[in-house]
There are 2 protein chains.
Amino acid sequence: MQPRAAHTAPMPSIPAISPADLDQTDHRLPLYARLRDVLTRHIAGGAWPPGEALPAESALASAYGVSVGTMRKALQQLVDEGLLERRHGSGTFVRRAQFDKSLFRFFRHAGDTGSGIPASRILRREVTTAGEAPEAALGLPADAPVIRLQRLRFWGDEPFLAEDIVLPHDRFSAFLDIPVEELGPLLYPVYEQACGQVVARAEELLTVGAADAVVARLLRCRTGTPIVSIERTAFAHDGSALEWRRSRGRADGFTYRVEIR
Amino acid sequence: MQPRAAHTAPMPSIPAISPADLDQTDHRLPLYARLRDVLTRHIAGGAWPPGEALPAESALASAYGVSVGTMRKALQQLVDEGLLERRHGSGTFVRRAQFDKSLFRFFRHAGDTGSGIPASRILRREVTTAGEAPEAALGLPADAPVIRLQRLRFWGDEPFLAEDIVLPHDRFSAFLDIPVEELGPLLYPVYEQACGQVVARAEELLTVGAADAVVARLLRCRTGTPIVSIERTAFAHDGSALEWRRSRGRADGFTYRVEIR
DNA sequence: CAGTGGTCTAGACCACGGG
DNA sequence: CCGTGGTCTAGACCACTGG
């Protein structure tokens, strides 16, 4: 999609909505799906500030020259994907901090409040070729270039999670333009805004093992300490794999909550 | 598969559909939601054999005296819940074996195939009052009567999972009429067919701990062996809690897979 | 109160599947 | 070919929110 560089000017606050936007979408898709994609692009581009209302569905419908019912179907899909929130009587809103909720799960120690985002420090960022597990998960050939990230997360001063993150270099080359110091604790918004890559869903695989020497040093525990490992593969709307991530933390005090539907 | 209440007569193969069915639903709900509930009841009652088609949406709509669009919305909700499957050009079908897929997650040991349902043995069934964790999760008063089930699951001869299951006695009294020997490995279909309770979603909470004496005996391991515990609370469509369940198994060889949306 | 999203209708046309 | 579900339209009416 539209990979934007790190230094672009802020978006205009009044988004340019026009029926011509539809021409930039896949003509084979149904109209509501093309509307959904157009709106997704506007939302990802920051056209409407999170927390503020979009135009009314009737206004959007006439702006794009479609019926209200069709626009409703597009909007509803975005609600299902977690991008929008609709409030009866007041309007349609861009959801903020969606990543905390559905695509973000943490190790939690007994004492913490469970709210807030832990601090993180990036230990390394490099371009290499992926190992076996990541490349299989990302569907890449054995020698494809990838961006590899090593990160450590903290509650206060205590490291509790060691992360290895792997991104396909092709889609994420713009990610390398961003100084490591400017990366905040949340990466998915960066993927969206810098690389135009939107995470739609993810799979996680949990296992329990023992700390090896590297992990033990990072987490300040002994080799052999019980460790929980979470391998996550994140996917785009089209089903292609965007990111592979392995997070490891001490098993004591570990808590993982899932909603199943 | 579908264990039906022991003494009931077989269902009629031609379901009696009539607009009067709607009177038995909550009048405060929107029409499509009431249609959804009516259809759920028919499906749970076995009105349409799994794998065979329901009447066409237009036929259903006129049978209930509603418009096609409204009927479509009801049917779509059942698709989202996994009860139905629609195939363009051929029809609407009751899905079989839905419980394997979304509401069923297992401990898996390295060697197993990952397919199939493990055998299970029920060790105890009794009516008591719940402990602290279950009663809080079920939203019951401290001294409410509950049905408590202790169950052990096997891969072949090897026990790998010890389960404690708690059900509110009020809703599940019919469950006690079913002989323990007739209970198969899947309980949710029994809840549906014997007690009319349909599980719509669930929450699971994973933690890692050590085996106490009781669990160690059941799982044939030493006290203190690392153990994974999964606490699940299952909810009905109206949001009320139906079942609390804690499953514990050895941490080595443990695997848990989740899809996040 | 005016404006928003939520429900429901009635119908047209299209795309797919199987006989 | 016919019957199925999928898309899209145009509109009426209701229920909720906020000033």
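The present account deals with the structure reproduced in this document. Please read all numbers here as calculations on a predicted model, not as lab measurements.

Cut-offs used in this document
Residues numbered from 1 in each chain as written. Chains lettered and ligands numbered in written order. Predicted model: local features only at pLDDT ≥ 70, side-chain atom pairs only at ≥ 80, totals over all residues. Heavy atoms only, no water. Core = buried A, V, L, I, M, F, W, Y, C linked by side-chain atoms within 4.5 Å. Buried < 20%, exposed > 50% of the residue type's maximum accessible area, 1.4 Å probe, protein only. Helix = DSSP H or I, 4+ residues; strand = E, 2+ residues; numbered from the N terminus. Contact = heavy atoms within 4.5 Å. Least-squares fit on C-alpha atoms with pLDDT ≥ 70 in both. Near = heavy atom within 4 Å. Polar contact = N/O pair within 3.5 Å; in protein donor to acceptor, adjacent residues only side chain to side chain. Nonpolar A, V, L, I, M, F, W, Y, C, P; charged D, E, K, R; others polar. Salt bridge = Lys/Arg side-chain N within 4 Å of Asp/Glu carboxyl O. Buried area = accessible area lost by both parts, 1.4 Å probe.

1. Observations regarding the nonpolar core
Piece 1. Among the nonpolar cores identified, the biggest contains 21 residues, and Leu167(A), Phe172(A), Phe175(A), Leu183(A), Leu187(A) and Tyr191(A) are the most heavily contacted of them.
Piece 2. Elements that contribute at least two residues to this core include exactly strand E4 (145-155), strand E5 (158-168) and helix H7 (188-195) of chain A.
Piece 3. By residue number, the principal contributor to this core is H7(A), which donates 5 residues.
Piece 4. Those residues in contact with Phe175(A), other than ones at most four positions away along the chain, are Arg125(A), Ile147(A), Leu149(A), Leu167(A), Leu183(A), Leu187(A), Val190(A), Tyr191(A) and Cys195(A).
Piece 5. Ranked by size, the runner-up nonpolar core spans 20 residues in total, among them Leu167(B), Tyr191(B), Ala234(B) and Leu242(B).

2. Digging into the relation of the copies chain B and chain A
Piece 1. Relative to chain A, chain B is turned by 180° and slid 0.2 Å along the rotation axis, the superposed coordinates differing by an RMSD of 0.5 Å. Here the symmetry operator amounts to a two-fold rotation axis.
Piece 2. Looking at the interface residues of chain B, 100% of them are also at the interface in chain A, so both copies use one shared face.

3. Observations concerning the protein's contact with DNA strand C
Piece 1. Near DNA strand C there are 18 residues, and of these Gly89(A), Leu31(B), Tyr32(B), Thr70(B) and His88(B) occur at the shortest range.
Piece 2. By atom count, sugar and phosphate contribute 72% of the portion of DNA strand C lying within 4 Å of the protein.
Piece 3. Backbone polar atom of Leu31(B) to a phosphate oxygen of DNA strand C: 2.5 Å apart, as the coordinates give it.
Piece 4. Take His88(B): an N or O atom from its side chain is 2.9 Å from a base nitrogen of DNA strand C.
Piece 5. Secondary-structure elements contributing two or more residues to the surface near DNA strand C are strand E1 (84-87) and strand E2 (91-94) of chain A together with helix H1 (31-44) and helix H3 (68-80) of chain B.
Piece 6. Tallied by class, the residues present in the surface near DNA strand C amount to 5 nonpolar, 8 polar and 5 charged.

4. Considering the pattern of salt bridges
Piece 1. Scanning the model with the defined rule gives 29 salt bridges over all chains in all.
Piece 2. Here Arg245(A) and Glu243(A) are joined by a salt bridge, their closest N and O atoms 2.9 Å apart.
Piece 3. For Glu243(A), a relative accessible area of 0% translates into the label buried.
Piece 4. Between Arg248(B) and Asp164(B) there is a salt bridge whose closest N-O contact spans 3.4 Å. Residue Arg248(B) is located in strand E8 (residues 241-250), and its partner Asp164(B) is located in strand E5 (residues 158-168); the two are separated by 84 residues in the primary sequence.
Piece 5. Asp164(B) gets classed as buried once you look at its relative accessible area, which sits at 12%.

5. With respect to the protein's contact with DNA strand D
Piece 1. Around DNA strand D there are 18 residues in total, and Leu31(A), Tyr32(A), Thr70(A), His88(A) and Gly89(B) lie nearest to it.
Piece 2. What you see for DNA strand D is that sugar and phosphate hold 71% of its atoms within 4 Å of the protein.
Piece 3. Between DNA strand D and the protein, one listed contact pairs a phosphate oxygen with a side-chain N or O atom of Thr70(A) at 2.5 Å.
Piece 4. Counting only elements with at least two residues in the surface near DNA strand D, the list comes to helix H1 (31-44) and helix H3 (68-80) of chain A together with strand E1 (84-87) and strand E2 (91-94) of chain B.
Piece 5. Here the surface near DNA strand D is composed, by residue class, of 5 nonpolar, 8 polar and 5 charged.

6. Observations concerning the interface of chain B and chain A
Piece 1. With 22 residues of chain B at the contact, the number on the chain A side is 22 residues.
Piece 2. Summed over both sides, the interface between chain B and chain A buries roughly 2,200 Å², with carbon and sulfur atoms accounting for 58% of that surface.
Piece 3. Connecting chain B to chain A are 0 salt bridges.
Piece 4. Across the contact surface, chain B and chain A share 4 residue pairs in polar contact (both at pLDDT 80 or more).

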